[in-house]
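# Structural description and commentary
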Amino acid sequence: MSALCREVGIMRMSEFELLCRKEQLAILQRKGIYVGKRKTTKFIKLLFQLDSFYIEISYVSYRLSIHKMRYCDSASILDPYLDQIDVEYLVA
Amino acid sequence: MVKPVTLKNIVFYADDDADDLELVQDAFDRYSNNVKVVTAKDGVQALSYLQSLNEQAITPCLIILDINMPMLNGRDVLRRIKEIPPLASIPVVLFTTSSSPLDKEFARKYNAGFITKPLDVSQMKIITDLFIDHCSDEIKKNIRKRLQ
């Protein structure tokens, strides 16, 4: 794991985008907050929040083969997941 | 629906996500001669099954609980398990997509393991071994010896 992964400071989306996928996934697994899961005709998608931005992972094969990762700092990415957001967790 | 199993080491896994249930069952495939993965879809079903095993004096070697489940969540199932003496000594792992420090602290408080669900195949490969690491030394040795 890189020194970056060991850092616990705030990460910006622009910094995250520069990392290789392995580092991105390591950080996401360690610090990402799970928002929700949805299915499209081709993909299973998981949405995470990392500090002030969001990462949506599209899987061809669930948790095994990633098609792409989409980064977004707009809350609009939450729209398809709104029914799954754990309000109790947000309030805690 | 869960079915009782007595011949192999039982790994009990409760999760409401069908994809994750399948993933963990697949991950234990290479131990299938020694381990039977039994599943439940929510916390109530999980607790009911564990209590029925207890009444038959059958003890799983490991209990894996998702945290966010309907009816009764993984935290509540863990709390209840720790109140039932024969079940209280079974190793439990909270297996979740969350990496919340609060959930990690909760797991520590109840002497349970905490494993974050994998995000890709490289992480998936080590998950089964991480699970088995939480079993008792005797079970661990037994499972791994027979694999060789």
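Residues numbered from 1 in each chain as written. Chains lettered and ligands numbered in written order. Predicted model: local features only at pLDDT ≥ 70, side-chain atom pairs only at ≥ 80, totals over all residues.

## Details of helix H6 (residues 121-133) of chain B
Here is the rule: Only DSSP runs of H or I covering at least 4 residues are called helices, and only runs of E covering at least 2 are called strands; the numbering of each starts at the N terminus. A helix is expected to reach a length of 1.5 Å times the quantity of its residues less one. Bend, at a single residue, is the angle you get between axes fitted to the 7 residues ending at that residue and the 7 residues starting at it.
With 13 residues, H6 of chain B extends 19 Å from end C-alpha to end C-alpha; this agrees with the ideal 18 Å at 1.5 Å per step. Where H6 of chain B bends most, the angle comes to about 30 degrees, and this point is Ile127 of chain B.

## A short note on the interface of chain B and chain A
Buried accessible area, meaning the area lost when the parts come together, often serves as the stated size of an interface. Note the following rule: Residues are scored as being in contact if the C-beta atoms we place from backbone atoms lie within 7 Å.
Tallying the contact residues gives 14 residues for chain B and 16 residues for chain A. At the level of secondary structure, the elements contributing two or more residues to the side of chain B that touches chain A comprise helix H1 (18-27) and H6 of chain B. Looking at which element gives the most residues to the side of chain B that touches chain A, the answer is H6 of chain B, with 3 residues.

## Comments concerning the sheet that holds strand E3 (residues 62-65) of chain B
All names here are of chain B. For clarity, the cut-off: By definition, two strands form a pair when at least two bridges between them are found by DSSP. Helix axes are fitted only over the stretch in contact, all axes being lines through C-alpha atoms; the angle between N-to-C directions runs from 0 to 180 degrees.
Here we have 5 strands laid out as an open sheet, ordered E2-E1-E3-E4-E5, and parallel in their pairing. Edge positions in the sheet fall to strand E2 (35-40) and strand E5 (113-116), since each has one partner strand and no second. Going across the sheet, the axis of each strand differs from the next one's by a mean of 20 degrees, ignoring polarity. Strand direction decides the pairing type here: strand E1 (residues 9-14) and E2, joined by 6 bridges, are parallel. Looking at E2, one finds that Tyr13 is bridged to Thr39.

## Section: the sheet that holds strand E1 (residues 33-39) of chain A
Residue and element names in this part refer to chain A. Spatial ordering of the open sheet is given by E1-E2-E3-E4, a layout of 4 strands whose pairing is antiparallel. The outermost strands of the open sheet, each flanked by one partner alone, are E1 and strand E4 (65-72). Averaged over all pairs of adjacent strands, the angle between strand axes in this sheet comes to 20 degrees, irrespective of strand direction. Sheet topology note: the E1/strand E2 (residues 44-50) ladder contains 6 bridges and is antiparallel.

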